[in-house]
Amino acid sequence: MKLIAITGGIGSGKSVVARMVQVMGYQVYDCDSQAKALMTEDDHVRHQLVDAFGPETFLEDGSLNRQHLSAAAFGNDESLSRLNGIVHPATASDMLQWGRNQADSGATVAFVETALLRTAGLDRLMDEVWHVTAPASVRIPRVMARSGLTAQQVQDRIASQAIEESLAPGERIIINDGIAAVLPQVINLLSIKTEQ
């Protein structure tokens, strides 16, 4: 079975592409939502987070104390590295098990949506990468409209993901600039997959 990453920087529209392939009947592993689930549902991950960031990492109802974790990890490179060192390997392991389950159920292609393909080391686990791109002039208003962030905050997030913005040889590009139609690009890439 082939695992294909759908990646791109914040506001590029990778989730739009992921929804398209889901509607076409393909399974998609959403790294962001699964990482959040693992942080609250996986006992080993929970214990590691408490060891690293204290018992206040979780609220009394067992849910993640996002405010505490954000304050503890973000803005501090060492703490952020610790957080990533807990969450990224757990997500990669969970994703690989999910991929095995897809293969066992007869799937020949499955997709992984991720904003942190290289940062999380997932690029080494993929058979192919679809990189969704859009200019910053399009991405910044998109993110501002859905998140309430300022233009500068969005620019800062784009800058912090610089490693994810670069294209590696062999990556397929999907342009999602609000002008080029995305669906024909997706259909074309899927037709290439069926011909291989």
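A brief structural summary.

Points about helix H1 (residues 14-23)
An α-helical turn contains 3.6 residues, so any two residues separated by three or four positions project in the same direction.
So, point 1. Here H1 has its buried residues at Lys14, Val17, Ala18 and Val21. Down the axis of H1, the buried side of the element spans an arc of 100°, and every buried residue falls inside it.
So, point 2. Of the residues flanking the end of H1, it is glycine 25, one or two places downstream, whose phi is positive at about 105°.

Regarding the packing of aromatic side chains
So, point 1. One pass over the full model with this rule turns up three aromatic pairs.
So, point 2. Centroid distance tyrosine 26 to phenylalanine 111: 5.5 Å. Interplanar angle 85°. Geometry classified as edge-to-face. Highlighted residues: tyrosine 26 in the loop between H1 and strand E2 (28-30) and phenylalanine 111 in strand E3 (residues 109-113), separated in sequence by 85 residues.
So, point 3. Judged by its relative accessible area of 0%, phenylalanine 111 is buried.
So, point 4. Between the aromatic rings of tyrosine 29 and tryptophan 98, the centroid separation amounts to 5.5 Å while the plane-to-plane angle is 55°, which identifies the pairing as tilted. A residue pair is termed long-range when its members are at least 10 positions apart, and tyrosine 29 in strand E2 and tryptophan 98 in helix H5 (residues 77-104) qualify at 69 residues.
So, point 5. An aromatic cluster is present here, built from Tyr26, Phe111 and Trp130 joined pairwise through their rings.

Let's talk about the sheet that holds strand E4 (residues 128-133)
So, point 1. Read across the open sheet, the five strands follow the order E2-E3-E1-E4-E5; overall the sheet is parallel. Each having just a single partner strand, E2 and strand E5 (172-175) make up the two edges of the open sheet. Averaged over all pairs of adjacent strands, the angle between their axes in this sheet comes to 25°, without regard to strand direction.
So, point 2. Both strand E1 (residues 2-7) and E3 contribute to a ladder of five bridges, which runs parallel.

Let's talk about the packing of helix H3 (residues 43-53) against H5
For any two helices packed against each other, one specifies the crossing angle of their axes together with the interaxial distance.
So, point 1. As a packed pair, H3 and H5 sit with axes 10 Å apart at the nearest point and diverge in direction by 175°. Relative to H5, H3 is oriented roughly antiparallel. Contacts between H3 and H5 involve Val45, Gln48, Leu49, Asp51, Ala52 and Phe53 from the first element and Ser79, Arg82, Leu83, Ile86 and Ala90 from the second.
So, point 2. In the contact of H3 with H5, the residues fall into seven nonpolar, two polar and two charged.

Side note on the environment of aspartate 127
So, point 1. With respect to the helices and strands, aspartate 127 occurs in the loop between E3 and E4.
So, point 2. Here leucine 3 takes part through its backbone nitrogen, which lies 2.8 Å from a polar atom of the side chain of aspartate 127.

Overview of the pattern of salt bridges
Charged atoms that come close allow side chains of opposite charge to pair.
So, point 1. With the rule as written, the count across this model stands at four salt bridges.
So, point 2. Where aspartate 32 meets lysine 36, a salt bridge forms, and the shortest distance between an N and an O atom there is 3.3 Å. Of this pair, aspartate 32 and lysine 36 are both found in helix H2 (residues 31-41), four residues apart, which corresponds to roughly one turn of the helix.
So, point 3. Exposure remark for aspartate 32: the relative accessible area of 48% places this residue in the partly exposed category.
So, point 4. Across the salt bridge formed by glutamate 128 and arginine 172, the nearest N and O atoms sit 3.6 Å from each other. Residue glutamate 128 is found in strand E4, and its partner arginine 172 is found in strand E5; the two are separated by 44 residues along the sequence.
So, point 5. Assessed through its relative accessible area of 10%, glutamate 128 is described here as buried.

Re the environment of valine 50
So, point 1. The topology assignment puts valine 50 in helix H3.
So, point 2. Valine 50 sits in the partly exposed class, given a relative accessible area of 30%.
So, point 3. Measuring from C-alpha to C-alpha, the distance between valine 50 and alanine 103 comes to 35 Å, with 53 residues separating the pair along the chain.
So, point 4. Those residues in contact with valine 50, other than ones at most four positions away along the chain, are Pro55, Thr57 and Phe58.

Definitions and cut-offs
- Residues numbered from 1 in each chain as written.
- Predicted model: local features only at pLDDT ≥ 70, side-chain atom pairs only at ≥ 80, totals over all residues.
- Heavy atoms only, no water.
- Buried < 20%, exposed > 50% of the residue type's maximum accessible area, 1.4 Å probe, protein only.
- Helix = DSSP H or I, 4+ residues; strand = E, 2+ residues; numbered from the N terminus.
- Arc of directions from axis to C-beta.
- Phe/Tyr/Trp six-rings, centres within 6.5 Å; stacked < 30°, edge-to-face > 60°.
- Pairing = 2+ DSSP bridges.
- Axes fitted to C-alpha atoms, helices over the stretch in contact; angles between N-to-C directions.
- Parallel < 35°, antiparallel > 145°, perpendicular 65-115°, else oblique.
- Contact = heavy atoms within 4.5 Å.
- Nonpolar A, V, L, I, M, F, W, Y, C, P; charged D, E, K, R; others polar.
- Polar contact = N/O pair within 3.5 Å; in protein donor to acceptor, adjacent residues only side chain to side chain.
- Salt bridge = Lys/Arg side-chain N within 4 Å of Asp/Glu carboxyl O.

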